[in-house]
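# Summary of the model geometry
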Amino acid sequence: MAAGYLDILRARHAARLLTGTLVGRLPNGTAPIAIVLFTRAEGGSYALAGALAAVYGLGTAVGQPLLGRAVDLYGQPRVQLPAAALSALGMALLAVTGFGWLPLAYAAVAVAGLFTPPLEGGLRALWPSILGSEDRVHRAYAMDAVAQEVMFTVGPLLVTVLVSLWSPAAALLVINAIGVLGALSVVLSEPSRAWRSAPRESHWLGALRSPGLLALLGSFFFVGLALGSITVAGVAYADDQGQESVYGWLMAALGLGALIGGTVYGARQWSGPPERRLRVIVALLALGYLPLVLTPGVVAMTVLAAVAGVFLAPAIACSFIVVDRHAPRGTVTEAFSWLVTTFGVGAAAGTAVAGPAVELGGTAWSFAVAGAGGVAALVVLLATGKVLAAPGRSAVAVRGSENDRNGAVEPGFSSGHQA
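Because the structure is a prediction, the values reported are computed rather than measured.

If you want to describe how two helices pack, look at the angle between their axes and the distance between the axes. Relative orientation of the contacting elements helix α5 (residues 77–97) and helix α6 (residues 102–114) amounts to 155 degrees, with a least axis distance of 7 Å. One finds that α5 runs roughly antiparallel with respect to α6. α6 is crossed by α5, and the crossing has left-handed handedness. Here L86, S87, G90, M91, L93, L94 and T97 of α5 come into contact with α6, specifically with L104, A105, A108, V109, V111 and A112.

This is how it looks when you write it as structure tokens:
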């Protein structure tokens, strides 16, 4: 199992790019918990914390596809590093000014979200030029998803440690400074500086002209909603238990489960259409979220959180392949940025709904939002099965292109694109 991942990491630039991307995305991955903890420390309500996190998520949702398209047009260094710096400045403004004037706080988190650099989509654009073969790129997608779960496991713990040692404001400043250093490491690398997107057809909709991609994004909006609601629900559960650290353990357990699931998923080759497999994985993901509404004791709840996370990384890894099959040629970074956007919008909706749910019906209600999100994600996939089963003819890719990931498909089946 480990041999395949080690083979990828031994490839020139692979370890640096993966690490730099993860570190660069740390502010984005920890923003919900950092905002919630900062708001609560400043005396704000759960509703305010949820609203601020929602604004951040919406800012990310707007910014990711715009910045992704800019990367496709102008290259990675010209976009990624300035965006990372501006995003960090937004969070620094929130940490320094607090809630003395609420419009300024909302503006600060909006700027931080809007300029979140599209490092995630950028990394997937680079994998084919670094790894070459389809099976290695497929495994890199799975490793990418697993590595994200490491970040989501370590990130909340890091935030809680920084809060314990210093303050929530210090946690915001440190996390975002680290994020800028990660982005700097990526854009200074040779593959990032040399990368250029494949030629693209001029169209104002860009990647969104693919019906299959739209169907996938619709489903993953609800996956994002489930995860966003768990952010607020976990804090409420920790408050019920009288232990702030419980939140970090719940989030770490969720990430650990996803890490295990993603590692197992990426260790084998899969045959058959990924769209069909994705439906099964999302069904299991939804099934894992439902028991969280029981809110048992800390030990049992931590176990349930780990089980709930098992199918998250496989769902993400499989979705990468579906994006490849349906995204129009030349929309490399933009297509994956739209996937990030749907997560951002969904997570924003989840945090916005879960906050009032806690105050109206208690912690169990906020976890019920997560379960409903998982079920809705499955319903969308089932309802759009015919669209997803037929990759668009406009999404033609140059197979094996150095700069277009659309040539990267899972071993064992045809991509559905014609050379």
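On the surface, a nonpolar cluster with roughly 490 Å² of combined accessible area is contributed by V280, L284, L287, L290, V375 and V379. When residues of the nonpolar patch are traced back to their parent elements, those giving at least two are α13 (274–289) and α17 (363–383). Sort the elements by how many residues they give to the nonpolar patch and α13 lands first, with three residues. As for its placement among the helices and strands, V280 is situated in helix α13. V280 sits in the partly exposed class, given a relative accessible area of 49%.

Formed by 112 residues in total, the largest nonpolar core has its most connected members in L94, W127, L278 and L339. With 12 residues, the single largest contributor to this core is helix α11 (residues 211–241). Not counting chain neighbours up to four residues away, the residues in contact with L278 comprise L216, F220, A315, C318, S319, V322 and L381.

Attention now moves to the pattern of salt bridges. This structure, assessed with the given rule, holds eight salt bridges. One salt bridge connects E120 with R25, and the closest N-O pair in it is separated by 3.1 Å. Of the two residues, E120 sits in helix α7 (residues 119–131) while R25 sits in the loop between α2 (14–24) and α3 (26–41), which places them 95 residues apart along the sequence. Given the relative accessible area of 11%, E120 is considered buried. Relative accessible area serves as the criterion here: at 9%, R25 is assigned to the buried category. With a closest N to O distance of 2.9 Å, R124 and D144 form a salt bridge. One end of the pair, R124, is in helix α7; the other, D144, is in helix α8 (residues 134–165), and 20 residues separate them in sequence. What makes R124 buried here is its relative accessible area of 0%. Residues joined by salt bridges that share partners form a network here, namely R25, E120, R124 and D144.

Okay, the packing of α11 against helix α15 (residues 312–326) next. Contact geometry of α11 with α15 gives a least axis separation of 10 Å together with a crossing angle of 160 degrees. Comparing the axis directions of α11 and α15 gives the class roughly antiparallel. Crossing of α11 over α15 shows left-handed handedness. Taken together, the residues of α15 that come into contact with α11 (itself represented by G212, L213, L216, F220, V223 and L227) are L312, A315, S319, V322, V323 and H326. Each residue belonging to the contact of α11 with α15 can be placed in one class, and the counts come to nine nonpolar, three polar and no charged.

Put simply, the protein chain has an average pLDDT of 84, and 90% of its residues get 70 or more. At the low end of the mean pLDDT range in the protein chain sits helix α1 (residues 2–10), at 79; at the high end sits α5, at 96.

Further remarks concern the side chain of S319. Within the fold, S319 resides in helix α15. Among all residues touching S319, those that are not within four sequence positions of it are L216, F220, L278 and L339.

Reading the values: the criteria
- Residues numbered from 1 in each chain as written.
- Predicted model: local features only at pLDDT ≥ 70, side-chain atom pairs only at ≥ 80, totals over all residues.
- Heavy atoms only, no water.
- Axes fitted to C-alpha atoms, helices over the stretch in contact; angles between N-to-C directions.
- Helix = DSSP H or I, 4+ residues; strand = E, 2+ residues; numbered from the N terminus.
- Parallel < 35°, antiparallel > 145°, perpendicular 65-115°, else oblique.
- Left-handed = near helix turned anticlockwise from the far one by under 90°.
- Contact = heavy atoms within 4.5 Å.
- Patch = residues over 30% accessible without salt bridge, like charges linked within 9 Å, V, L, I, M, F, W, Y side chains within 5 Å.
- Areas by Shrake-Rupley, 256 points an atom, 1.4 Å probe, with all protein chains shown as cover.
- Salt bridge = Lys/Arg side-chain N within 4 Å of Asp/Glu carboxyl O.
- Buried < 20%, exposed > 50% of the residue type's maximum accessible area, 1.4 Å probe, protein only.
- Core = buried A, V, L, I, M, F, W, Y, C linked by side-chain atoms within 4.5 Å.
- Nonpolar A, V, L, I, M, F, W, Y, C, P; charged D, E, K, R; others polar.
- pLDDT = per-residue confidence, 0-100.

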